[in-house]
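If you want the building blocks of each chain, they are given just below.
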Amino acid sequence: MLLARSVCQMKSRARCKACGTVVDWLESRPKFSSSIAGASMVDTSERLARLRALMREQDFNVGAFVVPSEDEHFSEYPSEADQRRAFISGFNGSAGCAIVTLKDAFLFTDGRYFLQAEQQLDRNWTLMKQGLPDVPTWQEFLSKDLDQGTRVGIDPTLISASEALRLTKSLGHSELIPLLQNPVDIVWASDRPQRPTNKVFILDVKYTGETFSSKLQRVREEMAKKNAVAMAVTLLDEVAWLFNLRGTDIEFNPVFFAYAIVEEDSAILFINEAQVDDAVKTHFGQEVRIKPYEEFLPYLKGLTNSGLVRKEQPVLLGDKTSIAVVYVLGEENVAIVPSPVAAMKAIKNSTEIEGFRQCHIRDGAALARYFAWLEEQLNNGVVLSESEGADKLKEFRSELELFRGLSFTTISSTGPNAAIIHYSPDPKNCATITKDEYLDGTTDVTRTWHFGTPSEDEKRAFTRVLQGHIAIDSAIFPTGTTDSWARRALWQDGLDYRHGTGHGVGHFLNVHEGPQGIGTRIDPYPRPPTLTRARRAGVLRRRPWGIRIENVVVVREVDTRHNFGSAYLGFERLTMCPIQTTLLDTSLFTAEETAWLNAYHAEVACKGSAAAPRAGCAGAGVAREAASAAGTVYGLRVTVYHMLDTGHGRV
């Protein structure tokens, strides 16, 4: 059984390689290894010994040191140069926090990464499985498990102001110590990669649907509500969205290293000037000044020293801004709020939503073509590794004009590896598959396929996952969480999954985007409709397999007969990729669920066939392959999918 998850970013038009030259967004990027790789183990003994020696030195003098995953911009997927937690621990999943004391080392992560962490951490580390009973968060651990009076070292550029202020209050007799230099960087020394400084490029308003001037004006309106004289924007995707720019500094994320400050009558972009060409300068005109990246904090200090910034006229900061920024400005001179830029970015306009629709139609075509190819290869006795499967899918996508590369490493996993949620195959050491980002949007789709005879247990689990997926897709609800809709069918069989059900998706930006989400601890709808999110249901077992189905949807208001208390919401599905029917246990399926699946496949067929003539490629061949991949089984009608090309997606 193969679980395939793929993420892409695309333009609104595409055609095959035979029809024109391919523009590869990744061609000029440095060839780093994937930041999320297969499960290999690193001996961290020497690294930890050197780190502890530094912690004992007078310049540091700390009994514990916190090593988070994020960079100064709180990127979920930092560049190779900023993966300090991965370097010191050997665990390279995207979420986790390391705490190193003078005697012990602890790695905290959530249920998405338990299996991966168990395989990657060596004997020096204790895995702390956050979310399980009696397992503290790393913040709770610092306040309750360390000896009283412990000096807890942090890099103030890597801890948010909100987090640091909470920690300071909770530590009791212990003390939070901001360090002027990160000791992990000293241990890493010359082996640490350099940050990329690639050219940024303009994302045309025909894709964004709004000029950067309009966006800046909306930010100023939010500043006025707080009587703020400026707003500092520190998250990379917020900077990129605000100025209608994209970059290639971080693998799989079309962002670039920069800060921004928006003032009442001007805006400043702090960036390595070598990354900005004349086209970008013309794009900005007189509205935006460009200053070196390193001048961001000194500029803020200058605002404070000038007397322009004070308690009554603060600088507006998003709630993920580092405590280092607050130290520079003074705690009394800032207003920390949920980032208004994040909220603006989460609400997609009509141009962005249409781009999402179109790129998902293309993306579904590539997936159908890939699954058909894979089934044919296996039926012919071809031996393929997980890595070879992922490479073939990327090949199908790269044949399309204006393909912009993957926004996440393809999760091509078979058997036990499918239970590792963000698994990515190592070409040198991965399993064999056996029969047992586009300019107009970002896709995030997961499908599970079986190329043989599934067991009754596999079919039942797959059906329960699909039932949860259908339930949440069909839901009409007032503002509030819908997480339990996806889990109810699984709960009937005593199954579940240790992660959220949905997350926001950026528009030709990061595949994981806040603040919206669906989960037991997430506020899913900070504002009304037009939020895009990936919605998934799954069961991830320790052995011997895992199942997930994931679509991208947009939140919409729904007309209901009555309107008790508030507006009612539902989902418009965007992902157009068939679901394998041979894995279904139809004895569990209701008539309504059968109708949903037939209607979904009819929609996939209709939208795919409409796109095929415009693409100008061999639609009939792809249609045949897609039909072969899906099949018609158990009376659940699966029609022919006349689809072509693809974009920026995750299988």
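Here the structure is a predicted model, which is why all the values come from computation and not from measurement.

A. Structural view of helix 1 (residues 45-56). For helix 1, which comprises 12 residues, the first-to-last C-alpha distance of 17 Å matches the rise-based estimate of 16 Å (1.5 Å per residue) to within 8%. Within the sequence span of helix 1, burial applies to Leu48, Leu51, Arg52, Leu54 and Met55. Across the axial projection of helix 1, the buried residues extend over an arc of 160°, all falling on one side. Turned more than 90 degrees off the buried face of helix 1, the exposed positions are Glu46 and Arg56. On the buried face of helix 1, the contacting elements are strand 2 (64-68), helix 2 (84-89), strand 3 (97-101), strand 4 (105-109) and helix 6 (183-188).

B. Region of the structure containing the nonpolar core. With 75 residues, the main nonpolar core has Val66, Trp138, Leu142, Phe243, Phe256 and Leu269 as its most contacted residues. Top contributing element to this core by residue count: helix 9 (residues 236-243), with six residues. With residues near it in sequence (within four places) discarded, leucine 269 still touches Val239, Phe243, Leu245, Phe256, Ala258, Tyr259, Phe284, Val288, Arg289, Ile290 and Lys291. If you look at the next biggest cluster of nonpolar residues, it comprises 29 residues, including Ala475, Ile579, Leu597 and Tyr600.

C. Region of interest: the sheet that holds strand 15 (residues 334-337). One open sheet accounts for six strands, arranged 13-12-11-9-14-15; its pairing is mixed. Two strands in the sheet have a free side with no partner beyond their single neighbour: strand 13 (288-291) and strand 15. For this sheet, the mean angle separating the axes of adjacent strands, direction not counted, is 20°. Judged from the three bridges that link them, strand 9 (residues 230-233) and strand 14 (residues 315-318) form a sheet pairing that is parallel.

D. Highlighting the packing of helix 16 (residues 456-474) against helix 17 (residues 483-491). Orientation of helix 16 relative to helix 17, taken along the N-to-C sense of each, is 155°, at an axis distance of 7 Å. It follows from the interaxial angle that helix 16 and helix 17 lie roughly antiparallel. Considering how the two elements wind past one another, helix 16 and helix 17 form a crossing that is right-handed. Residue-level inspection shows Arg464, Val465, Gln467, Gly468, Ala471 and Ile472 of helix 16 in contact with helix 17, the latter providing Trp485, Ala486, Ala489 and Leu490. Partitioned by chemical class, the residues of the contact of helix 16 with helix 17 number seven nonpolar, two polar and one charged.

E. Geometry of the pairing of strand 9. Because side chains alternate across strand 9, one face comprises the buried residues Ala230 and Ala232, and the other comprises Met231 and Val233, equally buried. One ladder, built from four bridges, connects strand 9 with strand 11 (residues 258-263); its direction is antiparallel. Its bridge partner lying in strand 11, methionine 231 is registered against valine 262.

F. Geometry of the packing of aromatic side chains. On inspection of all chains with the given rule, the structure shows 13 aromatic pairs. For the pair tyrosine 259 and phenylalanine 296, a centre-to-centre distance of 4.0 Å together with 0° between the ring planes defines the contact as stacked. Residue tyrosine 259 is located in strand 11, and its partner phenylalanine 296 is located in helix 11 (residues 296-305); the two are separated by 37 residues in the primary sequence. Neither tyrosine 259 nor phenylalanine 296 differs from the other in exposure class; each is buried. On the basis of an interplanar angle of 10° and a centroid distance of 5.3 Å, the ring pair of tryptophan 596 and tyrosine 600 is categorised as stacked. Of this pair, tryptophan 596 and tyrosine 600 both sit in helix 18 (residues 591-615), four residues apart, which is roughly one turn of that helix. With respect to burial, tryptophan 596 and tyrosine 600 carry one shared label: buried. In textbook terms, an aromatic cluster arises when at least three aromatic residues are bridged by ring pairs, as seen for Tyr259, Phe270, Tyr293, Phe296 and Tyr299. Looking at arginine 195, its charged tip hangs above the ring of phenylalanine 257, at a distance of 4.0 Å from the centre. The ring of tryptophan 241 has lysine 215 lying over it, and the distance from NZ or CZ to the ring centre is 4.1 Å.

About the thresholds
- Residues numbered from 1 in each chain as written.
- Predicted model: local features only at pLDDT ≥ 70, side-chain atom pairs only at ≥ 80, totals over all residues.
- Heavy atoms only, no water.
- Helix = DSSP H or I, 4+ residues; strand = E, 2+ residues; numbered from the N terminus.
- Expected span 1.5 Å × (residues − 1).
- Buried < 20%, exposed > 50% of the residue type's maximum accessible area, 1.4 Å probe, protein only.
- Arc of directions from axis to C-beta.
- Contact = heavy atoms within 4.5 Å.
- Core = buried A, V, L, I, M, F, W, Y, C linked by side-chain atoms within 4.5 Å.
- Pairing = 2+ DSSP bridges.
- Axes fitted to C-alpha atoms, helices over the stretch in contact; angles between N-to-C directions.
- Parallel < 35°, antiparallel > 145°, perpendicular 65-115°, else oblique.
- Left-handed = near helix turned anticlockwise from the far one by under 90°.
- Nonpolar A, V, L, I, M, F, W, Y, C, P; charged D, E, K, R; others polar.
- Phe/Tyr/Trp six-rings, centres within 6.5 Å; stacked < 30°, edge-to-face > 60°.
- Lys NZ or Arg CZ within 6 Å of the ring centre and 35° of its normal.

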